Amino acid sequence: MRIIGLTGGSGTGKGTFAALLREKGAGWVDADAVYRRLCAENREMLHELDTVFGGVLDETGALDRKKLAAIVFADPDKLKMLNGITLPYIRAASLDEMRAQGGCPFVLYDAPTLFEVGADDLCERIIGVLADTEVRVKRIMARDGLDETAARARIGAQPDADFYRTRCDYIVENNGGIADLQQQADAIFENLAKENE
């Protein structure tokens, strides 16, 4: 199973790029979606989180993500504790999903914090999707209903373009239209397919 990492900051268009590669036959696992599912379903992980952080489950036993976020984002040590608990679960569940996607030339592992959480070690190659700040601000505002200040704060809290340029095998510049993005997707898919021969 070939795993190709897909990463980049908020508003760069990773999801759109992933969709173009999926149309060509790539598999896809979204790390954020895996985490959301675990927060709703994985009793073992939820018990650990509730034991460590205290009172972070709602009346149904699901994770109260807002309450947990208020705790961990105010204290870097608590954020490290959160990652220490959740990352092994996310990794195991993501690998299970990848194994279930047989028959594709490779599986994209869509993870915004791929490098920060050490998941790049799973990947044969890594694609970074970038976009100019002004483009990202407009996309985040339209997609998430945030005002400009909040959108800029989100971008400011994430790594800059050089972080991805120095770590990724492929860089996608997503400032143009869908036709430009399609060309880049076609070229990268072709290169990855050749590596598989």
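Located above this text is the structure these notes cover.
The structure contained in this document is the topic of the report that follows. Values in this document were obtained by computation on a predicted structure and should not be read as measured data. (Residues numbered from 1 in each chain as written. Predicted model: local features only at pLDDT ≥ 70, side-chain atom pairs only at ≥ 80, totals over all residues. Heavy atoms only, no water.)

Quick notes on the packing of aromatic side chains
So, point 1. Overall, the coordinates contain 3 aromatic pairs when judged by the stated rule.
So, point 2. Plain terms: the ring middles of Phe106 and Phe189 are 5.5 Å apart, the flat faces sit at 50° to each other, and that makes the pair tilted. Here Phe106 is found in the loop between α5 (76-99) and β3 (107-110), whereas its partner Phe189 is found in helix α9 (residues 178-195), with 83 residues between them in sequence. We note that Phe106, like Phe189, is buried.
So, point 3. Aromatic pair Phe115 and Phe163: ring centres 5.8 Å apart, planes at 85°, arrangement edge-to-face. (Phe/Tyr/Trp six-rings, centres within 6.5 Å; stacked < 30°, edge-to-face > 60°. Helix = DSSP H or I, 4+ residues; strand = E, 2+ residues; numbered from the N terminus. Buried < 20%, exposed > 50% of the residue type's maximum accessible area, 1.4 Å probe, protein only.)

Digging into the sheet that holds β3
So, point 1. Sheet architecture is open: 5 strands sit in the order β2-β3-β1-β4-β5, paired in parallel fashion. Looking at the sheet topology across the chains shown, the edges are occupied by β2 (27-30) and β5 (170-173). Between one strand axis and the next, the sheet turns through 25° on average, direction left out of account.
So, point 2. For strand β1 (residues 3-7) and β3, the ladder comprises 4 bridges, and the chain directions are parallel. (Pairing = 2+ DSSP bridges. Axes fitted to C-alpha atoms, helices over the stretch in contact; angles between N-to-C directions.)

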